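Examination of the molecular architecture
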Amino acid sequence: MSEEYAEIARAAYEAFNRGDLDGMLDLCAPDIEWQDRGLSLDTSVMTGKGPVRAYFDTVMEPWDEVRREPEEIIDLGGDRVLVLFRTSARGKGSGVEVDARAGDLLTFREGRVARWIGYPDRAQALNAVGLEG
């Protein structure tokens, strides 16, 4: 993997963790394809930064704090990396805490994230790219 891809991935998660969704999206291609196969019942592919931003505005609403800490970035060759991360969150009002591990598959084009697929757990993310869970 080019170290550039790993750095872009890390920067995207850092932006997310500081609440800078625009900063995260700045690292994505204008026609980013985003698919969440874990958080949402809607697994359709969203295309473009506007729909992705609207999605996050909706998904983040019930949470006071959400962090996604990369624990491992796996080089898949070519233009893809798999980010295995830990999510921690606290619900608004309820204070319910969530701690889970999941994975995101990022595909790059011209130095930006062109496709981002989220998986609900590490096993599914690893299996999706042909690795053992």
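So, here is what we can say about the structure in this document. (Residues numbered from 1 in each chain as written. Predicted model: local features only at pLDDT ≥ 70, side-chain atom pairs only at ≥ 80, totals over all residues. Heavy atoms only, no water.)

1. Some points on helix α3 (residues 49-60)
With 12 residues, α3 extends 16 Å between its outermost C-alpha atoms, agreeing within 8% with the 16 Å of an ideal straight helix rising 1.5 Å per residue. Where α3 is concerned, the buried positions are Val 52, Tyr 55, Phe 56 and Val 59. Taken down its axis, α3 places every buried residue within 95° of arc, on the same side. Close packing links the buried residues of α3 with α1 (3-17), α2 (21-26), β1 (28-36), β2 (46-47) and β3 (63-75). (Helix = DSSP H or I, 4+ residues; strand = E, 2+ residues; numbered from the N terminus. Expected span 1.5 Å × (residues − 1). Buried < 20%, exposed > 50% of the residue type's maximum accessible area, 1.4 Å probe, protein only. Arc of directions from axis to C-beta. Contact = heavy atoms within 4.5 Å.)

2. Describing unusual backbone geometry
Positive phi is not limited to glycine here, since Glu 110 has a value of about 50°. Checked against the element boundaries, Glu 110 lands in the loop between β5 (97-109) and β6 (112-119).

3. Structural notes on the side chain of Asn 17
Mapping Asn 17 onto the fold places it in helix α1. Discounting residues that sit within four places of it in the chain, Asn 17 has contacts with Val 66, Arg 67, Arg 68 and Glu 69.

4. So, the nonpolar core
In terms of nonpolar packing, the biggest core is built from 30 residues, with Met 24, Trp 34, Phe 56, Leu 106, Val 113 and Trp 116 touching the most fellow members. Of all the elements in the fold, those that place two or more residues in this core are α1, α2, β1, α3, β3, β4 (80-91), β5 and β6. The leading source of residues in this core is α1, at eight residues. With sequence-adjacent residues up to four places away left out, Met 24 is seen in contact with Ala 12, Ala 15, Phe 16, Trp 34, Phe 56 and Trp 116. Grouped together as the second largest cluster of nonpolar side chains are nine residues, Ile 74, Leu 82, Leu 84 and Ala 125 included. (Core = buried A, V, L, I, M, F, W, Y, C linked by side-chain atoms within 4.5 Å.)

5. What about the pattern of salt bridges?
For the structure on display, the rule yields 15 salt bridges. The residue Arg 68 makes a salt bridge to Asp 104 at a minimum N-O spacing of 2.6 Å. Here the residue Arg 68 occupies a position in strand β3, and Asp 104 occupies one in strand β5, the gap between them amounting to 36 residues. The exposure classification of Arg 68 matches that of Asp 104, with both residues buried. (Salt bridge = Lys/Arg side-chain N within 4 Å of Asp/Glu carboxyl O.)

6. Looking at the sheet that holds β6
One key point about sheets: their strands pair by backbone hydrogen bonds, in either a parallel or an antiparallel sense. Across the sheet, which stays open at both edges, the six strands sit in the order β2-β1-β6-β5-β4-β3 with mixed pairing between neighbours. If you trace the sheet from one side to the other, it starts and ends with β2 and β3, each paired once. The pairing of β3 with β4 spans 11 bridges and is antiparallel. Residue pairing for β4: Arg 68 is matched across the bridge by Thr 87. On the sheet, α1 packs against β3, β4, β5 and β6 and is oriented at approximately 170° with respect to β3. Contacts from α3 reach β1, β2, β3 and β6 within the one sheet, and its direction differs from that of β1 by about 45°. (Pairing = 2+ DSSP bridges. Axes fitted to C-alpha atoms, helices over the stretch in contact; angles between N-to-C directions.)

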